[in-house]
Amino acid sequence: SEYETENAQSGSRIMDYIYRKTDVNWRDLVLAMIVFMLVLIAVVTFIITLLMMWIRHRHRRKRGFIPPDAKFRPLPIICTFLIQMIFIVKEFYSALYEVDPNEINLYKAIMGFLLLVIAFYGYRRRKDRFHLLIMPAVVLLTASDLAMTVSIPVGALLYMSAYILLCYNYIKEDTPGRSQILLFLLMSAVSIWFIMKVKGDFGYLRYLSILYMLSGSALVATSFTRSSRTSRGSLLLFVSGILLIVNTARGTTFLTHLIASGLYYIAAVTLAGTGSGFARPRIIPEYLLEPEQKTV
C-alpha cells in the first residue's frame, strides 16, 4: 500500500542518515561482530570453567582430599577472564583507531599484573622454589611484551631472558636426560634451518632470531620433565615467538598479529597458572598425595 511504501522510504532515509553520521563502513561492522562473538565466547567459557571449578572443589572436599573448611577461591579464573576481555578490547580498539603506544602499554601492563596475580596464587598454594621463580619469569615476559611496542630487539632480549630463567628453573628440578638433549639439538637444527629459509627483510634481526630459536628450543626441551601444563605453556610461548618472527619478516596484518598475540597470552596464562590448579578443571584431583594449604 501507499502507506507502507512511504514508511519503508522513511525508514530507509533514517538508516542512510545514521550511516552517514556515524561514518560506519563494512570493515567496522565486521570487526564489531567479531568482537561481539569473541566476548560472548569468553563469557560462556568463564561461566563453564567457574562452574567446573566449583564442582571439582565440592567433590574433593566431600571425598576428603581437602579440608572440609577449605574455601572455594575462583581468583585465577577471574583474572584469566579479565585478561581475555582486555586483550579483545586492546586488539580491536587498536585496529579501528589510531592508538598511542602508551595506551597499548597500559593494557599490557594491566594484563601483566593479572598474570602476576595468577602466578602468586600458584606460589601460595605450593610454596616452593619452582613456583616462586615463575613470578619473575612472568615479570620478564610482561616487560618484553611492553618493550615490543617500541623496540623489537629489546623485547626479544627480554623474551630470551625469561626463557633462560625458566630453563634454569626446570633444570634445577630435574637434570635433562639424553632424550631432552637430543630434542634440543633437533629443534635447534630445524629452527635455524627454518629461519634461514624465511624470506623477508630481517637484517641483523635474523641473527637475533636464531638466538631466540636456540633459547626457545632449550625451553621446550627442558620443560618436558615438568607437568603437562608447564610443558604446554612453554611450547605455546615458543610457537608464539616464531609467529612474531615470521610477522616481522613478512609484514604484520591484523589477523596474523591477533593469532600471534592471542597465542602468547594463552601461553602466559597457562604457564603462570602452573601451580594454581585451575587450567584444567577435573572431577578427580591431580595430586592425591599432596594436601592443599588451608590458608589458600
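As a reminder, the structure under discussion sits directly above these lines.
Residues numbered from 1 in each chain as written. Predicted model: local features only at pLDDT ≥ 70, side-chain atom pairs only at ≥ 80, totals over all residues. Heavy atoms only, no water.

Visitor: Would you mind showing me how to read the nonpolar core here?
Guide: Proteins that are soluble and globular tend to have nonpolar side chains buried together. Among the nonpolar cores identified, the biggest contains 56 residues, and Ile 83, Leu 166, Tyr 212 and Leu 237 are the most heavily contacted of them. Setting aside anything within four residues of it in sequence, one finds Leu 237 in contact with Leu 141, Tyr 163, Leu 166, Tyr 212, Leu 219, Tyr 264, Ala 267 and Leu 271. (Core = buried A, V, L, I, M, F, W, Y, C linked by side-chain atoms within 4.5 Å. Buried < 20%, exposed > 50% of the residue type's maximum accessible area, 1.4 Å probe, protein only. Contact = heavy atoms within 4.5 Å.)

Visitor: How should the packing of helix α7 (residues 178-197) against helix α8 (residues 205-223) be read in this particular structure?
Guide: Two numbers describe a pair of packed helices, the interaxial angle and the distance between the axes. Between α7 and α8, whose axes approach to 8 Å, the crossing angle comes to 155°. The angle between α7 and α8 falls in the class roughly antiparallel. Once α7 is placed against α8, the crossing between them reads as right-handed. When α7 is examined against α8, the residues Gln 180, Leu 183, Phe 184, Met 187, Ser 188, Ser 191, Ile 192, Phe 194, Ile 195 and Met 196 are found in contact with a partner set consisting of Arg 206, Ser 209, Ile 210, Met 213, Leu 214, Ser 217, Ala 218, Val 220, Ala 221 and Thr 222. Partitioned by chemical class, the residues of the contact of α7 with α8 number 13 nonpolar, 6 polar and 1 charged. (Axes fitted to C-alpha atoms, helices over the stretch in contact; angles between N-to-C directions. Helix = DSSP H or I, 4+ residues; strand = E, 2+ residues; numbered from the N terminus. Parallel < 35°, antiparallel > 145°, perpendicular 65-115°, else oblique. Left-handed = near helix turned anticlockwise from the far one by under 90°. Nonpolar A, V, L, I, M, F, W, Y, C, P; charged D, E, K, R; others polar.)

Visitor: What should I look at first to understand helix α9 (residues 228-250) in this one?
Guide: Residue pairs three or four apart in sequence face the same way in an α-helix, which turns once every 3.6 residues. Between its terminal C-alpha atoms α9 stretches 33 Å, which fits the 33 Å expected from 23 residues at 1.5 Å a residue. Gly 251, located one to two residues past α9, shows a positive phi value of around 100°. (Expected span 1.5 Å × (residues − 1).)

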